[in-house]
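So you can see what is in the structure, the chains are spelled out below.
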Amino acid sequence: GELFAACIANQCSDIFNNLTNHNILELGAGDGQLAYQLIKNLTSESQQHFKNIQLNHYFILEPSAELQARQKKLLLKKGRQCCLLNLKTPPVPLR
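My aim in this report is to walk through the structure given alongside it, one point at a time. (Residues numbered from 1 in each chain as written. Predicted model: local features only at pLDDT ≥ 70, side-chain atom pairs only at ≥ 80, totals over all residues. Heavy atoms only, no water.)

1. Overview of helix H2 (residues 33-43)
This is how the line gets drawn: Here the term buried applies to any residue with accessible area under 20% of the maximum for its type, exposed to any over 50%, and partly exposed to those in between, with areas from a 1.4 Å probe on protein chains only. Secondary structure elements follow DSSP: runs of H or I of four or more residues count as helices, runs of E of two or more count as strands, with numbering from the N terminus. Residue contacts follow a heavy-atom distance rule, with two residues in contact if any of their heavy atoms lie within 4.5 Å.
Taken together, the buried positions of H2 are occupied by Ala 35, Tyr 36, Gln 37, Leu 38, Ile 39, Asn 41 and Leu 42. Here the buried face of H2 lies against helix H1 (2-16), strand S1 (23-27), strand S2 (57-61) and helix H3 (65-77).

2. Describing H3
The criterion, for reference: The span one expects for a helix is its residue count, reduced by one, times 1.5 Å. The arc under discussion is defined with respect to the helix axis, by the directions toward the C-beta atoms.
An ideal rise of 1.5 Å per residue puts 18 Å on 13 residues; H3 measures up with 18 Å between its terminal C-alpha atoms. When H3 is considered as a whole, its buried residues turn out to be Gln 68, Gln 71, Leu 74 and Leu 75. The buried residues of H3 occupy an angular sector of 135° when the element is viewed end-on, so they sit on one face. Turned more than 90 degrees from where H3 packs its buried face, Ala 65, Glu 66, Lys 73 and Lys 77 sit exposed. Looking at the packing, one finds that the buried side of H3 touches H2, S2 and strand S3 (83-86). Gly 79, located one to two residues past H3, shows a positive phi value of around 70°.

3. Here's the deal with the nonpolar core
A general trend in soluble globular proteins is that nonpolar side chains are found buried together. The cut-off we apply is this: Only buried residues count toward a nonpolar core. Its members are Ala, Val, Leu, Ile, Met, Phe, Trp, Tyr and Cys residues joined through side-chain atoms within 4.5 Å.
Grouped together as the largest cluster of nonpolar side chains are 19 residues, with contacts concentrated most on Leu 42, Tyr 58 and Ile 60. Considering each element in turn, this core owes the most residues, 5 residues, to H2.

4. A closer look at the pairing of S3
Heads up, the rule is: When DSSP locates at least two bridges between a pair of strands, those strands are taken to pair. Assignment of crossover handedness uses the view with strands pointing away from the viewer, where a clockwise path from the first strand over the helix to the second indicates a right-handed crossover.
With 3 bridges joining them, S2 and S3 adopt parallel strand pairing. Its bridge partner lying in S3, Leu 61 is registered against Leu 85. On the question of chirality, the crossover connecting S2 to the parallel S3 by way of H3 is right-handed.

Given below as structure tokens:
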């Protein structure tokens, strides 16, 4: 849930402070809730700890077409930027 995503966001923030490109790849994102929460945490203006983090891309590699549809629905509805990856086709940005 939200606490788990906050813990991962903290770790990502520490790692991103030493990198120039801030990308995340999630394998098998299920319904997309973790992606939503991580992006929300890392891009929140109210989170002082993450103010200097500019998330470039959040990639999701999901083999299930059904779960891809659920992820797309959630993340587009919430206005979150992601890119769905499929091993058979080029990356598809959600817009």
